[in-house]
Amino acid sequence: MIYLARLVLRNSLRHKLRGGLTVLGMVIAVLAFGVLQTVVGAWYANADQASPTRLVTRNAISLVFPLPLADVARIRSVDGVRAVAWANWFGAIYKEPKYFFPQFAISENYLDLYPEFVLSVDVGDRMTLKGTIFPGEWSFVVRAIYDGATRRTDLGQMFIHWDYLNETLKRTVPRRADQVGVYVVDVAGAERMATVARAIDEQFRNSAHETLSETEKAFQLGFVSMTEAIVVAIQLVSYLVIFIIMAVMANTMAMTARERTAEYATLKALGFGPRFVGALIFGESLLLAGCGGLLGVAATFPVAAAFSRRVGTLLPVFEVAEATVWLQLSCAAAVGALAALWPALRAAKVNVARGLRSVA
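Predicted, not measured: the structure shown is a model, and the values here were computed from it.

Student: How should I be thinking about the side chain of Gln-103 in this particular structure?
Tutor: By the element assignment, Gln-103 lies in strand S4 (residues 103–106). Ignoring sequence-local partners within four residues, the contact set of Gln-103 consists of Asn-88, Trp-89, Phe-90, Gly-91, Ala-92, Leu-129 and Met-158.

Student: Explanation requested: the sheet that holds strand S1 (residues 54–59) in the structure shown.
Tutor: In any sheet, the strands associate via hydrogen bonds between backbone groups, in a parallel or an antiparallel arrangement. Taken together, the six strands give an open sheet; going across it, the order is S9-S4-S3-S11-S1-S12, and neighbouring strands pair in mixed fashion. Because the sheet does not close on itself, it has two edges, and the strands there are strand S9 (158–161) and strand S12 (211–215). The average angle at which neighbouring strand axes cross in this sheet is 30°, direction not considered. Pairing of S1 with strand S11 (residues 182–187), which is carried by four bridges, proceeds in the antiparallel orientation.

Student: Hey, could you run me through the packing of aromatic side chains in this one?
Tutor: Under the definition given, this model contains 18 aromatic pairs. With a centroid separation of 5.3 Å and an interplanar angle of 85°, the aromatic rings of Phe-90 and Trp-138 are classed as edge-to-face. Pair noted here: Phe-90 is in the loop between strand S3 (81–89) and S4 and Trp-138 is in strand S7 (residues 136–141), with a separation of 48 residues, a long-range link. Judged on exposure class, the residue Phe-90 and its partner Trp-138 are both buried. The rings of Trp-89, Phe-104, Tyr-110, Tyr-114, Phe-117, Tyr-146 and Phe-159 are connected pair by pair, giving a single aromatic cluster. The aromatic ring of Tyr-114 is capped on one face by Arg-54, whose charged end is 3.9 Å from the ring centroid.

Student: Whenever I open this one, the packing of helix H2 (residues 16–43) against helix H10 (residues 274–311) confuses me. Can you help?
Tutor: Helix-helix packing: each pair is described by the crossing angle between the helix axes and the interaxial distance. Packing of H2 against H10 leaves a shortest axis separation of 7 Å and a crossing angle of 45°. Between H2 and H10, the interaxial angle falls into the category oblique. Two packed elements cross with a definite hand, and for H2 against H10 that hand is right-handed. Contacts from Gly-19, Thr-22, Val-23, Met-26, Val-27, Val-30, Leu-31, Gly-34, Val-35 and Val-39 of H2 reach H10 at Leu-288, Ala-289, Cys-291, Gly-292, Gly-293, Leu-295, Gly-296, Val-297, Ala-299, Thr-300, Val-303 and Phe-307.

Student: Would you explain the nonpolar core in this entry?
Tutor: Where a protein is soluble and globular, its nonpolar side chains tend to be buried together. With 34 residues, the main nonpolar core has Leu-55, Phe-90, Leu-129, Phe-140, Tyr-183 and Ile-200 as its most contacted residues. Of all the secondary structure elements, the ones that give two or more residues to this core are helix H4 (71–76), S3, strand S6 (126–131), S7, S9, helix H5 (162–172), S11 and helix H6 (193–203). At four residues, H6 tops the list of elements feeding residues into this core. Grouped together as the second largest cluster of nonpolar side chains are 26 residues, Val-40, Ala-42, Val-297 and Ala-304 included.

Student: Even after reading the chapter, I still don't get the confidence of the model for the protein, so can you show me in this structure?
Tutor: Low pLDDT means the predicted atomic positions in that stretch should not be read closely. Scored by pLDDT, the protein comes out at a mean of 86, with 95% of its residues at no less than 70. Mean pLDDT per element in the protein: helix H12 (residues 352–357) is the minimum at 60, and S11 is the maximum at 96.

Student: I keep staring at the pattern of salt bridges and nothing clicks. Help me out?
Tutor: Side chains bearing opposite charge may pair, as long as their charged atoms lie close to each other. Taken as a whole and judged by the stated rule, the model has eight salt bridges. Arg-192 is the partner of Asp-79 in a salt bridge, and the nearest nitrogen-oxygen pair spans 3.0 Å. With Asp-79 in the loop between H4 and S3 and Arg-192 in the loop between S11 and H6, this pair connects stretches of sequence that are 113 residues apart. Among the residues examined, Asp-79 registers a relative accessible area of 61% and is labelled exposed. With a closest N to O distance of 3.0 Å, Glu-202 and Arg-205 form a salt bridge. In this structure Glu-202 comes out as partly exposed when scored by relative accessible area, which is 47%.

Conventions adopted
Residues numbered from 1 in each chain as written. Predicted model: local features only at pLDDT ≥ 70, side-chain atom pairs only at ≥ 80, totals over all residues. Heavy atoms only, no water. Helix = DSSP H or I, 4+ residues; strand = E, 2+ residues; numbered from the N terminus. Contact = heavy atoms within 4.5 Å. Pairing = 2+ DSSP bridges. Axes fitted to C-alpha atoms, helices over the stretch in contact; angles between N-to-C directions. Phe/Tyr/Trp six-rings, centres within 6.5 Å; stacked < 30°, edge-to-face > 60°. Buried < 20%, exposed > 50% of the residue type's maximum accessible area, 1.4 Å probe, protein only. Lys NZ or Arg CZ within 6 Å of the ring centre and 35° of its normal. Parallel < 35°, antiparallel > 145°, perpendicular 65-115°, else oblique. Left-handed = near helix turned anticlockwise from the far one by under 90°. Core = buried A, V, L, I, M, F, W, Y, C linked by side-chain atoms within 4.5 Å. pLDDT = per-residue confidence, 0-100. Salt bridge = Lys/Arg side-chain N within 4 Å of Asp/Glu carboxyl O.

Set out below in structure tokens:
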């Protein structure tokens, strides 16, 4: 076994330029695969972190149509509802549109339903936003900075007092006051989610403001579905990159096997069996793919961090998951094994007499 390992290592270093380029290609492929898979994971981050006991109730027609604040009492009365909070998408601009980050006007008890948001002490900084959905200049005092209970908590949001928004609208645009974008409903147990959702929607059936209640995860996935074609395209590209490097690797190993036909024939003449000959090619292919895979995984973390800084709040939860790392290593191993399969079979079946004649 040790002798086989030494031969594999020496064979890998015989053509340093070819081997180096093969490893480099593997690094780039594994790196690209990891970053693209992380982008897909970031797209689903909010849905993956959704609570199993939170419902989101919105207007059944569309999210752009609000619900009356008066509905909160009827929602609270549904059996199984522990608490109800509400929020409005604020959608203002900070300095310039390129500095985008989501803002929500939330009820006083909203953060009680989100233990993943951990508040710090008072801050006191002042900031001004330019309203789009709610026109005008809006001045705020930053009272707290929140942190995440886990690393995958979205830290790119701003929460403002819904009462501040509502009282301002009462003075400026009274017809838009006392309206809610979504209700967030805390349910007493995940097993009661479907029953409570049906009961809430039944209360407002055939009314002027029919509702659609769904789990928080389903609500978040609704946004993902709007860009599902992009997500699917990214996933396809990530696997296409792996397929391309597999073809390159297979060509490299085929060239290697052809060049060493005489050597394999000599080994068989000396008594080494077909399995030993095939193992030489498999070992070399797996070694090159493994080195490229490990280097690609190592490079994924700094590249992902740099990518995250560039995209900013567009993908607020952007980290390389453990599952992505294992998937990268699995792909590297699969590429190494599949690329060597046909050349190894040919080398194992090489005819000794014909192989030795190729020495000349």
